[in-house]
Amino acid sequence: MTQVKICGIKHKETLSLLKECEVDYVGFVFAPSKRKVEATAAKEMLRSVPDHPPAVGVFVNPTIEELEDILAEVSLAVVQLHGQETPAFCQEVKERFSLPVWKALAVGNEAEVVEGMAAYATHVDAFLFDTYDPAQAGGTGRRFSWEQIPDLQAASQGVTEIIAGGINVDNVAELIGRYRPSVIDLSSGVETDGEKDPNKIKSLMERVREYV
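First things first, this report covers the structure right here in the doc.

Cut-offs used in this document
- Residues numbered from 1 in each chain as written.
- Predicted model: local features only at pLDDT ≥ 70, side-chain atom pairs only at ≥ 80, totals over all residues.
- Heavy atoms only, no water.
- Axes fitted to C-alpha atoms, helices over the stretch in contact; angles between N-to-C directions.
- Helix = DSSP H or I, 4+ residues; strand = E, 2+ residues; numbered from the N terminus.
- Parallel < 35°, antiparallel > 145°, perpendicular 65-115°, else oblique.
- Left-handed = near helix turned anticlockwise from the far one by under 90°.
- Contact = heavy atoms within 4.5 Å.
- Nonpolar A, V, L, I, M, F, W, Y, C, P; charged D, E, K, R; others polar.
- Buried < 20%, exposed > 50% of the residue type's maximum accessible area, 1.4 Å probe, protein only.
- Pairing = 2+ DSSP bridges.
- Arc of directions from axis to C-beta.
- Phe/Tyr/Trp six-rings, centres within 6.5 Å; stacked < 30°, edge-to-face > 60°.

**Quick notes on the packing of helix H1 (residues 12-20) against helix H8 (residues 198-209)**
Packing of H1 against H8 brings their axes to within 11 Å, and their N-to-C directions diverge by 20°. With respect to H8, the axis of H1 lies roughly parallel. When the axes of H1 and H8 are compared, the crossing they make is right-handed. Contacts between H1 and H8 involve Thr 14, Leu 17 and Leu 18 from the first element and Pro 198, Ile 201 and Lys 202 from the second. Classifying every residue of the contact of H1 with H8 gives 4 nonpolar, 1 polar and 1 charged.

Below you can see the structure in the form of C-alpha cells.
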C-alpha cells in the first residue's frame, strides 16, 4: 500500500487533522522556505497532538551542528536531506543520530539521477524523487515525467522510493494506479492560497485508500 507524507506543516490544527486522516508521515521544513518552521514551534505542535504520525524533518545542506540543535528540541523520526549533501554526510547523519535518512534527488536527466542513486544507495534509507528546479529545492508544485518512475524504481535496488512534485487530488489516482510508489509526498497539492486545505487533505486520503 502506498504511504502518504504531507509536508510543510505550520499549524497544530493541520497536524491534528493529519492524525485523524491517518496520514503516514508529517513533514516539518527547517530550511529557508515559505513553509519554514522554527524548532520551538515544531516541538510545541508535536507535543499538542499525542500519537501524531511520525515526523520528518526537512533540511537543505545543514551542518551537523544545526541538526544537533534541532534534534535536541524536536522528536523527529526521519531526517530528509534535500540539498547537495554527500553520501558521506548522509552516512554520518545516520550514525550520529540513529535515524533513517531520506535523500532527495532532483529528476531532470534520468542518467544523472541513476548515477547519483548508485553513489547513495548504501548510505540512505529512501530516495525522494522530486522535480528539478534550479531555483529551489522542492516545493515547486510541478511534476516530473512520471514515465521515468519505473526506471527509477528499478534502479533503487531495494531502497524505498518516494515520489514528490506536482501530486494533487486530481492526479493521485493515476500515479498510484499506474506506478504503485512506496510513498508519495505532497505539500502545495493539498493547499489553497498557500495554506493546507482540510477538504483537499480529506479528499486525497480517500482516493489513496481506494488502492489499499
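Picking up after the structure, the text goes on.
**With respect to the environment of Lys 10**
Within the fold, Lys 10 resides in the loop between strand E1 (3-7) and H1. On the accessibility criterion, Lys 10 (25% relative accessible area) is partly exposed. Contacts of Lys 10, omitting those with residues within four sequence positions, involve Lys 34, Arg 35, Val 37, Met 45, Gly 194 and Glu 195.

**With respect to the side chain of Ser 156**
Here Ser 156 lies in the loop between helix H6 (149-155) and strand E7 (160-164). The exposure class assigned to Ser 156 is buried, which follows from its relative accessible area of 1%. Every residue in contact with Ser 156, bar those within four places of it in the chain, is listed here: Met 117, Phe 127, Phe 129 and Glu 161.

**Remarks on the sheet that holds strand E3 (residues 55-59)**
Taken together, the 8 strands give a closed barrel; going around it, the order is E1-E2-E3-E4-E5-E6-E7-E8, and neighbouring strands pair in parallel fashion. Each neighbouring strand pair of the sheet contributes to a mean axis angle of 25°, computed without reference to strand direction. Against the sheet, helix H5 (residues 110-120) engages strand E5 (101-107) and strand E6 (126-131), with an angle of about 165° to E5.

**Describing the pairing of E6**
Judged by how many residues are buried, E6 sits mostly within the fold: 6 of 6 residues are covered. Sheet analysis places E5 next to E6, joined by 6 bridges and oriented parallel. Its bridge partner lying in E6, Lys 103 is registered against Phe 127. By the bridge criterion, 4 bridges tie E6 to E7 in an arrangement that is parallel. Its bridge partner lying in E7, Ala 126 is registered against Thr 160.

**Observations concerning helix H3 (residues 64-73)**
Residues Ile 64, Leu 67, Ile 70 and Leu 71 constitute the buried set of H3. Take H3 and look down its axis: the buried residues cluster within an arc of 130°, on one side only. Set apart from the buried face of H3 by more than 90 degrees, the exposed residues are Asp 69 and Ala 72. In this structure, the buried side of H3 is in contact with helix H2 (39-48), E3, strand E4 (78-81) and helix H4 (87-97).

**Concerning the packing of aromatic side chains**
Following the criterion strictly, the structure yields 3 aromatic pairs and no others. Considering the side-chain rings of Tyr 25 and Trp 102, the 5.0 Å spacing of their centres and the 80° angle between planes classify their relative orientation as edge-to-face. In this pair, Tyr 25 sits in strand E2 (residues 25-29) while Trp 102 sits in strand E5, placing the two residues 77 residues apart along the sequence. Trp 102 carries the same exposure label as Tyr 25, and that label is buried. Taking the centre distance of 5.3 Å and the plane angle of 20° together, the rings of Phe 30 and Phe 59 count as stacked. One end of the pair, Phe 30, is in the loop between E2 and H2; the other, Phe 59, is in strand E3, and 29 residues separate them in sequence. In this structure Phe 59 comes out as buried when scored by relative accessible area, which is 3%.

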